[in-house]
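Chain by chain, the residues:
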Amino acid sequence: MYADSTVLKESNENSNDTELRQRFDEDGYLFFRNIIDLKKVNQTRSDVLDVLCRFGLIEENENNEPIWSGKVLADLIDVQTAIYALESYEQLRQCNEIMTIMERLWGAPVYSWKLVPVRTQPPKAGTPTPAHQDYQLFFRGGRFSVGWIPLMDIDESVGGIELIPASHKIFSETDYALLEGRFLTGRAYSQVAAEKAVLLPQIPPEKVGGFVRTNYQLGDLLVLHDMVVHRSLPNVSKKFRLSMDTRFQPQDSHIPWYAKMTDCEYDGYSRRSEDALLEAGATQEEMQRIFWKIFYFEGTEITPTRVRAELRRYNPPLFGAF
Ligand SMILES: O=C(O)CCC(=O)C(=O)O
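Basis of the calculations
Residues numbered from 1 in each chain as written. Predicted model: local features only at pLDDT ≥ 70, side-chain atom pairs only at ≥ 80, totals over all residues. Helix = DSSP H or I, 4+ residues; strand = E, 2+ residues; numbered from the N terminus. Buried ≥ 20, exposed ≤ 12 C-beta atoms within 10 Å, placed from the backbone. Near = placed C-beta within 6 Å. Nonpolar A, V, L, I, M, F, W, Y, C, P; charged D, E, K, R; others polar. pLDDT = per-residue confidence, 0-100. Contact = placed C-beta atoms within 7 Å. Arc of directions from axis to C-beta. Core = buried A, V, L, I, M, F, W, Y, C linked by C-beta atoms within 7 Å. Pairing = 2+ DSSP bridges.

Asks: Lay out the overall build of the protein chain in plain terms, naming residues and giving numbers.
Replies: A count of helices and strands for the protein chain gives nine helices and eight strands. When burial is assessed residue by residue, the protein chain has 34% of its 322 residues classed as buried.

Here you go:
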């Protein structure tokens, strides 16, 4: 039925919940063309454009396209703060079109995570997201599904997401390489990413193949299994790439603490944590162990005092005089 195996299959015609779930179980994704009310996506798109324009990142133009002005900001925190304060974004991430699909999939009322990256990816700058599975990032939380939403038409030149169908059944921890910088966090993480193109726990490129994608349009929704392997293409156009990754899980499952904060709040948390880890003099490896431990299991503030206490636990003082 689907002649081209490099293109995402559309799921709009799966009217029955059983069929929908079967397809999701088989392929690890569902793709819906033009399912979100265009007024809602257009409102968010236009509000995000206003923010980028206000910060001088895009040029004002008649067609309201996100053409990059060439300006580079060292820190995007203020831009992100303005975006996460948008009412249209807040409404879109939990709009009824998406919630209905997710509830059909899970067969239960769902919780929409506040932790939603709204991606504003400038042309040519930055490494595209390497191949990964989302459960790796949030592996202490419950199982969840992702709703990837284009906030503009995204063709191959703008980049966008691509995935390996059915990879959620095949890939596991053993497929990841222990690369230098694998566990880096916060600013150290971005620095290594910029220098060595390491952003996330990585599946080596030779292990992955058979990616599929499509030309995404406003109103589309791509639903991902949290274990499906995906990545993004480089943005080689003149435009910013605008998209968002929403996440959902059944309301009666364990909702991890970090699902309840915005991406910006998470950024602030990881910056403060990194400062504390550096101040306490932890090595890169100790930083990673302590960060993951506190972040995933406890989720409370990481202070220099806490880091020192953890370090003493890892490196107990020796007995006697030496
Ligand atoms: O949009 C992207 O660059 C990648 C999206 C992604 O990795 C995700 O949704 O988890």
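Asks: Describe the site of the ligand, listing the residues and the values that go with them.
Replies: Residues in contact with the ligand, as listed here, are Arg119, Thr129, Asp134, Val146, Trp148, Ile161, His230, Ser232, Ser243 and Asp245. Every element with two or more residues in the shell around the ligand is listed here: β4 (145–150), β7 (230–233) and β8 (241–250). Looking at the shell around the ligand residue by residue, the classes come out as three nonpolar, four polar and three charged.

Asks: Which residues make up the confidence of the model for the protein chain, and what values go with them?
Replies: With 87% of its residues at a pLDDT of 70 or more, the protein chain has an overall mean of 85. The model gives residues 181–186 a pLDDT under 50, and that stretch makes 15 contacts with residues more than four places away or in other chains. Below a pLDDT of 50 lies the segment residues 192–199, which in the model reaches 13 contacts outside its immediate sequence neighbourhood of four places, other chains included.

Asks: Can you tell me about helix α5 (residues 96–106), naming the residues and giving the values?
Replies: Three or more residues of α5 are buried, namely Ile98, Ile101 and Met102. In a view along the axis of α5, the buried residues occupy a sector of 95 degrees, so they form one face of it. With respect to the buried face of α5, the exposed residues turned more than 90 degrees away are Asn96 and Thr100. The elements touched by buried residues of α5 are β1 (29–32), β2 (110–112), β4, β6 (221–225) and β8.

Asks: I'd like a description of the nonpolar core, backed by residues and values.
Replies: Tyr29, Val48, Leu222, Val223 and Leu224 are the most contacted members of the largest nonpolar core, which totals 52 residues. Counting residues in each nonpolar core, the second largest holds 10 residues, with Leu277, Ala280, Ala282 and Val307 among its members.

Asks: Any details on the pairing of strand β5 (residues 160–163)? Residues and values, ideally.
Replies: The two faces of β5 match: Gly160 and Glu162 on one face and Ile161 and Leu163 on the other face are all buried. The sheet contact formed by β5 and β7 spans four bridges and is antiparallel. Bridge pairing in β7 places glycine 160 opposite leucine 233.

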